[in-house]
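Geometric and topological summary
Residues per chain are reported as follows:
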Amino acid sequence: MEQQPYEQAADAPASRGAPATRARVLVVDDDPTVAEVVAGYLDRAGYLVDRAGDGPSALAGATAHWPDLVVLDLMLPGMDGLEVCRRLRGRGPVPVIMLTARGDEDDRILGLEVGADDYVTKPFSPRELVLRVESVLRRSRPEAGVRSLGAAGLTLDPAARRATRGGTELALTLREFDLLAFFLRHPGRAFSREDLMREVWGWDFGDLSTVTVHVRRLRNKVEDDPARPRLIQTVWGVGYRFDPAASADTGEE
């Protein structure tokens, strides 16, 4: 990423392809310079942008105009980004890209654990952030004409972005849904974390702990016993394998 990231928004290039319908992005950051530059780049890329400088204002803004995506700073006065993310998730599904000035991996993992779909570490390039926003929103759109997927009591409807387990709807984040859909499309095959990052996230490089955290979160929602996963199995030295046949096997591993 660029080391001098906060160029003036006026220098931002127009998007290679503005959204067909203007998606609404809520930018939450208590640094007015960062918020202004990020908002400027997103506006130039064709998005409707709302801004908030703290947690309560972010929640109030989301109530007034529910966003299609939230760019959320981790370190906020009064109410941190983790709590804001939890409260937003309690209201409804919304993709979240977390911003953090910390280099500690634990902080990034905490953001992913509470449901962030992606994160960007400060200092960052606003152009890079716009590309991340485009990627997350593109993957959040329903897939028209794609058949439903199902195995081991799980059913996914990609067109409706709806997943159920035993008839009960699952509360999946954007990335959790995409990860489960990928596993259902490729049963019995082992994939490395690099494979999953490339195929599900669309990244050729990145922090592989992102994949690890999302697999753990997904197991908590689809496994009978997440501590002893049978559907999403760890293949030591390789990565993970989705094994729908294992759900019918009651023997010991």
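Read on for an overview of the structure. (Residues numbered from 1 in each chain as written. Predicted model: local features only at pLDDT ≥ 70, side-chain atom pairs only at ≥ 80, totals over all residues. Heavy atoms only, no water.)

1. Thoughts on the overall build of the chain
Within the chain, the regular secondary structure consists of eight helices and twelve strands. Buried positions account for 49% of the 253 residues belonging to the chain. For the chain, restricting intrachain contacts to residue pairs at least 6 apart in sequence, the fraction spanning at least 24 positions comes to 62%. Carbon and sulfur atoms form 49% of the exposed surface of the chain, whose accessible area is close to 12000 Å². (Helix = DSSP H or I, 4+ residues; strand = E, 2+ residues; numbered from the N terminus. Buried < 20%, exposed > 50% of the residue type's maximum accessible area, 1.4 Å probe, protein only. Contact = heavy atoms within 4.5 Å. Areas by Shrake-Rupley, 256 points an atom, 1.4 Å probe, with all protein chains shown as cover.)

2. A few points about the layout of surface pockets
Computed from the structure, the largest pocket encloses a volume of approximately 670 Å³. Elements that contribute at least two residues to the lining of the largest pocket include exactly α3 (81–91), α5 (126–140), β8 (162–165), α6 (174–185) and α8 (209–222). Tallying contributions element by element places α3 first for the lining of the largest pocket, with three residues. (1 Å grid on protein atoms, 1.4 Å probe; cavity = no way out; pocket = protein on both sides within 12 Å on 5 of 7 lines; lining within 4 Å. Points joined across faces, edges and corners; volume = space filled by probe spheres on them.)

3. Notes on the pairing of strand β12 (residues 239–242)
Two elements, strand β10 (residues 190–192) and β12, share three bridges in a ladder whose sense is antiparallel. Among the inter-strand pairings, Ser192 is bridged to a residue of β12, identified as Gly239. As paired strands, strand β11 (residues 232–235) and β12 are joined by four bridges and run antiparallel to one another. Across the sheet, the residue bridging to Ile232 is Phe242, located in β12. Taken together, β11 and the strand that follows it, β12, pair antiparallel across an intervening segment of three residues, in which Gly237 is found at a positive phi of about 85 degrees. (Pairing = 2+ DSSP bridges.)

4. Comments concerning helix α1 (residues 32–44)
Over its 13 residues, α1 runs 18 Å from end to end, which matches the ideal 18 Å to within 8%, given 1.5 Å per residue. Among the residues making up α1, those that are buried are Val34, Ala35, Val37, Val38, Ala39, Gly40, Tyr41 and Leu42. Of the residues one or two after α1, Gly46 is the one with positive phi, at around 105 degrees. (Expected span 1.5 Å × (residues − 1).)

5. Observations concerning the sheet that holds β10
If you trace the three strands from one edge of the open sheet to the other, you get β10-β12-β11, paired in antiparallel fashion. In this open sheet, the two edge strands, each paired with only one partner strand, are β10 and β11. For this sheet, the mean angle separating the axes of adjacent strands, direction not counted, is 35 degrees. Running at roughly 140 degrees to β11, α8 makes contact with β11 and β12 of the sheet. (Axes fitted to C-alpha atoms, helices over the stretch in contact; angles between N-to-C directions.)

6. Comments concerning the environment of Leu42
Examined against the element boundaries, Leu42 turns out to sit in helix α1. Look at Leu42 and you get buried, because its relative accessible area is 0%. Sequence spacing of Leu42 and Pro126 is 84 residues, and the spatial spacing of their C-alpha atoms is 8.6 Å. Apart from residues no more than four positions distant in its own chain, Leu42 is found in contact with Val25, Val27, Tyr47, Val49, Val130 and Val133.

7. Structural notes on the side chain of Arg175
For Arg175, the position within the fold is in helix α6. Buried and unpaired, Arg175 has Asp118 as its nearest opposite-charge partner, separated by 4.5 Å. When residues no more than four places from it in sequence are discounted, the contact partners of Arg175 are Asp117, Asp118, Ser135, Val136, Arg139, Val200, Trp201, Trp203 and His214. (Lys, Arg positive; Asp, Glu negative; His and termini not counted. Salt bridge = Lys/Arg side-chain N within 4 Å of Asp/Glu carboxyl O.)

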